[in-house]
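The residues making up each chain are set out below.
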Amino acid sequence: SYPDDVIESLLKNPYNTMSWYSPRTIIISCRINSSSLTRNYKSLIQAVSELSSIYNTISGVCAKYNFSKILLLGDLCIMYTEIGTATDGMELAFTIEGFVTARSLKCCVAVDCGPLLRGLIGDTYPKYSIWGDVADNVIQISSSYTNHQGSVIASSSICQDHSIQSNYKLDPVDINGSKWFYILKLLYI
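All values reported here derive from a predicted model rather than from experimental measurement.

Turning next to the pairing of strand β3 (residues 76-81). In terms of burial, β3 is a largely internal element, six of the six residues being buried. Every second residue of β3 is oriented toward a common face, with Leu76, Ile78 and Tyr80 on one face and Cys77, Met79 and Thr81 on the other, all of them buried. As defined by bridge partners, strand β2 (residues 68-73) adjoins β3 across five bridges and the pair is classed as antiparallel. Within β3, the position partnered with Lys69 by the bridge is Met79. Hairpin connection of β2 to β3: two residues between the antiparallel strands, including Gly74 at a positive phi of 60°.

The next subject is the environment of Val100. Inspection of the secondary structure assignment puts Val100 in helix α4 (residues 86-101). Overall, Val100 belongs to the buried group, its relative accessible area being 0%. Those residues in contact with Val100, other than ones at most four positions away along the chain, are Ile32, Ile54, Leu105 and Cys107.

Per the counting criterion, the structure on display carries one salt bridge. Glu50 is paired through a salt bridge with Arg103; the nearest N and O atoms lie 2.2 Å apart. Here the residue Glu50 occupies a position in helix α3 (residues 44-64), and Arg103 occupies one in the loop between α4 and β4 (107-121), the gap between them amounting to 53 residues. Under the relative-accessibility criterion, Glu50 is labelled buried at 13%. On the basis of relative accessibility, which here comes to 23%, the residue Arg103 falls in the partly exposed class.

The rules behind these values
Within every chain, residues take consecutive numbers counted from 1 along the sequence as written. A pLDDT threshold of at least 70 governs which residues receive local features in this predicted model, and a stricter bar of 80 or more applies before side-chain atom pairs are shown or counted, although totals over entire chains, interfaces and linings include all residues. With hydrogens and water stripped out, all remaining heavy atoms of the structure feed into the side-chain values. A simple rule labels every residue: compare its accessible area, found with a 1.4 Å probe on the protein chains alone, to the largest value its type can have, and call it buried under 20%, exposed over 50%, or partly exposed in between. Strands are runs of DSSP state E lasting at least 2 residues, helices are runs of H or I lasting at least 4, and numbering of each runs from the N terminus. Only strands joined by at least two bridges in the DSSP assignment are considered to pair. Contacts are assigned to residue pairs that have any heavy atoms within 4.5 Å of one another. One side-chain nitrogen of Lys or Arg within 4 Å of one carboxyl oxygen of Asp or Glu is enough to make a salt bridge.

Structure representation (structure tokens):
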């Protein structure tokens, strides 16, 4: 499904390749460890059914925090918002992480913010996609740390927010020369 502004533009001109630039976007990537998924279920059909159930739940939770779910690719789910806050992003990340790990699955949820280009690619069968360093960062981080039982990792740009610093315990980690933080636990609810 496309975000509302994409649907509106497609209705006006279905053959036009469109793009939008968002200077400050919060983006979240969740990757579920596929080996933990297949290990927990007796058949591939059961594993795919469980993944579908997880994604349906994530879609409902995204709407609560004004996030658009934009990409499902196997065990990867990416969400973004242009109007949410860093706190919204962290609350959504912990909600997703808690929901997935409650099913005895391993996952990593990465959160970052920054400029993002999004739009449609293709004339015959347009596909909605996103581009930018923030998208690359969260996909790479969430893919690299799926062996940890329930990880939430946030960029330094997310952790600069005062509400994040005062409500979460941050454990710095260097990832590919950039400062990121394991978010260990909520200090206050």
